[in-house]
Amino acid sequence: MMLAPKILAIGATAASAANLFVSDYGGAVTSFALTASNGTYALNDTFSTDECAPSPSWLTIDANRGLLFCLNEGLSTPNGSLSSFTINGDGSLTHVMNETTISGPVSGVIYGAAAGQRALALAHYSGSSVTSYLLNGGGKFALNQELTYTLDEPGAVPDRQDAPHEHEAITDPTGKYIVVPDLGADLVRIFCWDDETLKLRELDPLETAPGTGPRHAVFWNPYGVACEECTTYFYLVGELDSTITAFSVEYLPNGGGLNFTQVFNSTTYGLLSLPEGNAPAEIQVTPDNRFIVISNRNNTSFDLPQPDGSILESDSLTTFKLQDDGSLVWHQLWPSGGSFPRQFSIDKTGSLVAVANQNSQNVAILQRDTATGLIGEPVARVTVGGNTTCVVWDE
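Note that the structure is predicted; figures quoted are calculated from it, not measured.

**Q** What should I look at first to understand the sheet that holds strand β10 (residues 129–135) in this one?
**A** For sheets, the rule is that strands pair by backbone hydrogen bonds, running either parallel or antiparallel. Taken together, the four strands give an open sheet; going across it, the order is β8-β9-β10-β11, and neighbouring strands pair in antiparallel fashion. Pairing within the sheet leaves two strands with one partner each, and these edge strands are β8 (105–112) and β11 (141–148). If you compare each strand with its neighbour and ignore which way they point, the axes differ by 20° on average. When strand β9 (residues 118–124) meets β10, the two strands line up antiparallel, connected through seven bridges. Paired with leucine 122 across the strands is threonine 131, a residue of β10.

See below:
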């Protein structure tokens, strides 16, 4: 299956190129080539597969091993699934295997020893679970563990907090813990694991204010060095209350977990008035370690004129400047290039931001000034065949 994207770019002979992978709820995972010459960009599809259908929701790339893992949320089926692919030199994908999972996988992270046995941990939104799969090389994997959670009673926002909703899985900077924001339970679950079996063991969680709705998070080491004694901060996006909260992190002795102390809290709009219904989603630290960027959905803060004379209502990205004490200083609010920026990825140079605008069914490539930290105009934009869910750079 090949897509026929709409391209907003000026053609030119390519002097450089980058590859991106994009998933969408239409059932496709698509490879795109972003080419550039003399500051002019073009974005073209080069390959597409439906081997992660029907509801691809998240892509985890293992660039060092040339692998891509795709999570199918299973919106129209009783279960989800996990698929793996090898990445070919031309950006195409070769399917390796697919296995049924608990419903609703929406995020995955690789953990374990870099040169030894590793595993992939999945967060399941509708399945109220965390699972892990042992990685056996070449894209092969096998189920390792399933952990499922319940609530005694609905949370502060009953229509969204009727059950635990694990929304993301990330590792801490030392690679010793997995952290899982739970939107439904107003918790951030913390896990360690057995070095031999890689089975997860839950530790004391971070409890958030009722109605926060923890969605995504990042860690930050202000001096760029990760260790248990190093200064470490944790930044949590609350989807339901539109907040960004910063915590200082203390590593407990003997692998006992993490202790969190709140040091900062703000709406994701910072100094600006928060639009009603705003729902933040993704958060990332920029490659230069100086800024945090957050995507805001359902705010339509910008009207973008289009080449055909129409107006595109756009949601937004907020940039905050990181401070050594863990606090944030509002820096910029900028259009995401479409509606519902579910996820975004910053390239390794920090000069390009690829935004997956879910409801616009597009990916916008935004330029970014690495000196000032300001995001700028789109250099390319492409429409895909369904609601866009994830975009990752192949770097």
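Still more to cover.
**Q** Would you take a moment to explain the confidence of the model for the protein for this structure?
**A** A low pLDDT means the predicted coordinates there should not be read in detail. Overall, the predicted model of the protein reaches an average pLDDT of 94, with 96% of residues at or above 70. Taken as a whole, residues 1–15 scores under 50 in pLDDT and shows 43 contacts with residues more than four places along the chain or in a different chain.

**Q** Please clarify how the state of the cysteines should be interpreted in this entry.
**A** Formally, a disulfide is one covalent bond, and it connects the sulfur atom of one cysteine to the sulfur atom of another. Applying the stated rule across the entire model yields two disulfides. Residue pairing for cysteine 52: its cysteine sulfur links by disulfide to cysteine 70, the two sulfurs lying 2.1 Å apart. Taking the torsion about the sulfur-sulfur bond, which here is approximately -90°, the covalent link between cysteine 52 and cysteine 70 counts as left-handed. On the criterion of sequence distance, the pair formed by cysteine 52 in the loop between β3 (40–49) and β4 (56–62) and cysteine 70 in strand β5 (residues 67–72) is long-range, its members being 18 residues apart. You'll find cysteine 52 and cysteine 70 in the same group, each marked buried. Taken in sequence order, the bonded cysteines of the protein link in the pattern 1-2, 3-4.

**Q** How should the environment of tyrosine 223 be read in this particular structure?
**A** In this fold, tyrosine 223 is placed in the loop between β16 (214–220) and β17 (233–238). Excluding its chain neighbours within four sequence positions, the residues that come into contact with tyrosine 223 are Thr231 and Asp324.

**Q** Please explain the pattern of salt bridges as it appears in this structure.
**A** Pairs can form between side chains of opposite charge whenever their charged atoms are close. Within this structure, the stated rule accounts for eleven salt bridges. Residues arginine 118 and aspartate 62 are paired through a salt bridge, measuring 2.7 Å at the closest nitrogen-oxygen approach. Of this pair, arginine 118 sits in strand β9 while aspartate 62 sits in strand β4, placing them 56 residues apart in sequence. Under the relative-accessibility criterion, aspartate 62 is labelled buried at 6%. With a shortest N-O distance of 2.9 Å, lysine 176 and glutamate 228 are connected by a salt bridge. Of this pair, lysine 176 sits in the loop between β12 (170–171) and β13 (178–182) while glutamate 228 sits in the loop between β16 and β17; the two residues are 52 residues apart in sequence, bridging distant segments of the chain.

What counts, and where the lines are drawn
- Residues numbered from 1 in each chain as written.
- Predicted model: local features only at pLDDT ≥ 70, side-chain atom pairs only at ≥ 80, totals over all residues.
- Heavy atoms only, no water.
- Pairing = 2+ DSSP bridges.
- Helix = DSSP H or I, 4+ residues; strand = E, 2+ residues; numbered from the N terminus.
- Axes fitted to C-alpha atoms, helices over the stretch in contact; angles between N-to-C directions.
- pLDDT = per-residue confidence, 0-100.
- Contact = heavy atoms within 4.5 Å.
- Disulfide = S-S within 2.5 Å.
- Buried < 20%, exposed > 50% of the residue type's maximum accessible area, 1.4 Å probe, protein only.
- Salt bridge = Lys/Arg side-chain N within 4 Å of Asp/Glu carboxyl O.

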